[in-house]
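Here is how the chains run, residue by residue.
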Amino acid sequence: MADRLTQLQDAVNSLADQFCNAIGVLQQCAPPASFNNIQTAINKDQPANPTEEYAQLFAALIARTAKDVDVLIDSLPSEESTAALQAASLRQLEEENHGAAARLEEVVYRGDVLLEKVQSALADIAQSQLRTRNTAPSQPSPSQS
């Protein structure tokens, strides 16, 4: 992903390309001008050109690219954003990060304690099941008496 300045430069270059293309296409499609009411046979036989459609198309493209340029300019850091303000912001983010890390460590510790309790309970259940199986054959079952 390119940084914002590169994106802005690309958008401005695209805007310049669109202006050049618009001028070229409109110039190519423009009807010839008449001089002193002199019309040639070639001029009369030419079909109507869709210059209005091209004008609307290029106007929409140029407007959209100009909006993109405005958005990119607004996303750049302002002049008020000094190194001291950025450092203060980074310190605040680091403090928040340390607080979140401490909360995460506490949650992990409680999870480990809970895991040990569950494992201990499962071990007790397994031991009691083994004892009941080992003692069950020596005692007669109620259906045999």
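Note that the structure is predicted; figures quoted are calculated from it, not measured.

A. How the structure looks around the overall build of the protein chain. Along the backbone of the protein chain there are 4 helices and 0 strands. Listed N to C, the secondary structure of the protein chain is α-α-α-α in terms of helices and strands. Within the protein chain, the fraction of its 145 residues that count as buried is 8%. Taking the contacts inside the protein chain whose residues are at least 6 apart along the sequence as the reference set, 79% of them involve residues at least 24 apart. For the protein chain, the accessible surface area stands at approximately 12,300 Å², while carbon and sulfur atoms represent 57% of it.

B. Quick look at the pattern of salt bridges. The full count for this structure, using the stated rule, is 1 salt bridge. Note that Glu106 is salt-bridged to Arg110, the shortest N-O span being 3.7 Å. Of this pair, Glu106 and Arg110 are both found in helix H4 (residues 83-135), 4 residues apart, which corresponds to roughly one turn of the helix.

C. Examining helix H1 (residues 4-29) more closely. Taking 1.5 Å per residue, 26 residues should reach 38 Å; H1 reaches 37 Å between its end C-alpha atoms and fits that length. Considered for burial, the residues of H1 that qualify are Leu8, Ala11, Leu15, Gln18, Ala22 and Cys29. Each element contacted by the buried residues of H1 is listed here: helix H3 (51-75).

D. The environment of Cys29, seen in detail. By the secondary structure assignment, Cys29 is in helix H1. Separated by 22 residues in sequence, Cys29 and Thr51 place their C-alpha atoms 6.1 Å apart.

E. Here's a closer look at the side chain of Gln18. Relative to the assigned elements, Gln18 resides in helix H1. Under the relative-accessibility criterion, Gln18 is labelled buried at 14%. Those residues within four positions of Gln18 in sequence are excluded, and the remaining contacts are Phe58, Leu61, Ile62 and Thr65.

F. Geometry of a nonpolar patch on the surface. On the surface, Leu114, Val118, Leu122 and Ile125 cluster together into a nonpolar patch covering about 370 Å² of accessible area. By the element assignment, Ile125 lies in helix H4.

G. Broad picture of the packing of H1 against H3. Axis separation between H1 and H3 bottoms out at 9 Å; the angle between their running directions is 165 degrees. One element, H1, and the other, H3, form an angle in the roughly antiparallel class. Between H1 and H3 lies a crossing of left-handed hand. Classifying every residue of the contact of H1 with H3 gives 18 nonpolar, 7 polar and 1 charged.

Conventions we followed
- Residues numbered from 1 in each chain as written.
- Predicted model: local features only at pLDDT ≥ 70, side-chain atom pairs only at ≥ 80, totals over all residues.
- Heavy atoms only, no water.
- Helix = DSSP H or I, 4+ residues; strand = E, 2+ residues; numbered from the N terminus.
- Buried < 20%, exposed > 50% of the residue type's maximum accessible area, 1.4 Å probe, protein only.
- Contact = heavy atoms within 4.5 Å.
- Areas by Shrake-Rupley, 256 points an atom, 1.4 Å probe, with all protein chains shown as cover.
- Salt bridge = Lys/Arg side-chain N within 4 Å of Asp/Glu carboxyl O.
- Expected span 1.5 Å × (residues − 1).
- Patch = residues over 30% accessible without salt bridge, like charges linked within 9 Å, V, L, I, M, F, W, Y side chains within 5 Å.
- Axes fitted to C-alpha atoms, helices over the stretch in contact; angles between N-to-C directions.
- Parallel < 35°, antiparallel > 145°, perpendicular 65-115°, else oblique.
- Left-handed = near helix turned anticlockwise from the far one by under 90°.
- Nonpolar A, V, L, I, M, F, W, Y, C, P; charged D, E, K, R; others polar.

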